[in-house]
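Understanding the architecture of this molecule
Residues per chain are reported as follows:
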Amino acid sequence: ATSKPFAVNVPLLYPDIELHIQNIIDLGVKIVISSAGNPGKYTPRLKEAGITVIHVVSNLKFAIKCQEVGVDAIVAEGFEAGGHNGREETTTMCLIPMLKPHINIPIIAAGGIGTGATMAAAFCLGAQAVQVGSRFVATPESSAHQNFKQSVIDAKDGQTQLTLKEITPVRLIKNGFYEQVQEAYKRNASVQEISNLLGRGRAKKGMHLGDLEEGELEIGQISAYINELKPAADIVNEMMVEFKQTIQTLNSQF
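Residues numbered from 1 in each chain as written. Predicted model: local features only at pLDDT ≥ 70, side-chain atom pairs only at ≥ 80, totals over all residues. Heavy atoms only, no water.

**Here's the deal with the sheet that holds strand β8 (residues 160-163)**
- Overall, antiparallel pairing links the three strands, which are arranged β5-β9-β8 in an open sheet. Two strands in the sheet have a free side with no partner beyond their single neighbour: β5 (83-84) and β8.
- Looking at chain direction, β8 and strand β9 (residues 170-173) are connected through four bridges and run antiparallel. By the bridge assignment, Gln161 is partnered in β9 with Leu172. (Pairing = 2+ DSSP bridges. Helix = DSSP H or I, 4+ residues; strand = E, 2+ residues; numbered from the N terminus.)

This is the structure in structure tokens:
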């Protein structure tokens, strides 16, 4: 589809991860953003193939591990983020300055970033870049189902929750499936029972097929201030304008 370089996001818990890694190497992908697994397992192999490796972390322990195994940069993700998340529930504002004194490689801040002002805040905390996910769901370019896009636009503060921590923590919009999970917790269901309830394809059912009751609706806390469908280019331009204005305001005040 493109002759331009692009990155591939690879959760290392995929059952066919070996095939994915080999395909990435064979096809000459330039950047890999790995997550949900040991960064030491595939980083040397990817870097040997000339690939830049970035790994997602939610705590200091794994950030240091990434640095030790030769990862080129880390994404430090606070628990405000949508989708799969850290068990520690550390916010981005706490996580970035916690990592900064110990990490010499670039830190990319993620979680709760959807405006130019929050981007500027991340830079003030010590990040060299930001990763933005949830903000781009409600765009024409997004592959998400229109039902899910509208549910994100309609979401208010407090309507997302981090759950399923026994399996793999994920932030969801509260819906029928979320309530089923809560009922399972109330009756002290086993991890296996909760895993069976989750099943397979639950995220696809919600976000890509538009089942707002039985699907998994993954989105970050910033959904509370996403209130319209907007082209991705407009979002980027607006963020950059606000980012620069915020920095100028800070410079004028101090």
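**What about the pattern of salt bridges?**
- Under the definition given, this model contains eight salt bridges.
- Residue Lys47 pairs with Asp72 through a salt bridge whose shortest N-O separation is 2.8 Å. Pair noted here: Lys47 is in helix α2 (residues 39-48) and Asp72 is in the loop between α3 (60-68) and β4 (73-77), with a separation of 25 residues, a long-range link.
- Residue Lys47 is classed as partly exposed on the basis of its relative accessible area, which comes to 33%.
- Between Glu228 and Lys230 there is a salt bridge, and its shortest N-O distance comes to 3.3 Å. (Salt bridge = Lys/Arg side-chain N within 4 Å of Asp/Glu carboxyl O. Buried < 20%, exposed > 50% of the residue type's maximum accessible area, 1.4 Å probe, protein only.)

**Description of the nonpolar core**
- The biggest cluster of nonpolar side chains holds 33 residues, and the ones touching the most others in it are Ile24, Leu46, Ile74, Leu99, Ile103, Ile107 and Ile113.
- For Ile107, the contacting residues outside a window of four places in its chain are Ile74, Ala76, Ile96, Leu99, Lys100, Ala127, Gln128 and Ala129.
- The next biggest cluster of nonpolar side chains, apart from the first, holds twelve residues, and it includes Phe148, Met207, Ile219 and Ile226. (Core = buried A, V, L, I, M, F, W, Y, C linked by side-chain atoms within 4.5 Å. Contact = heavy atoms within 4.5 Å.)

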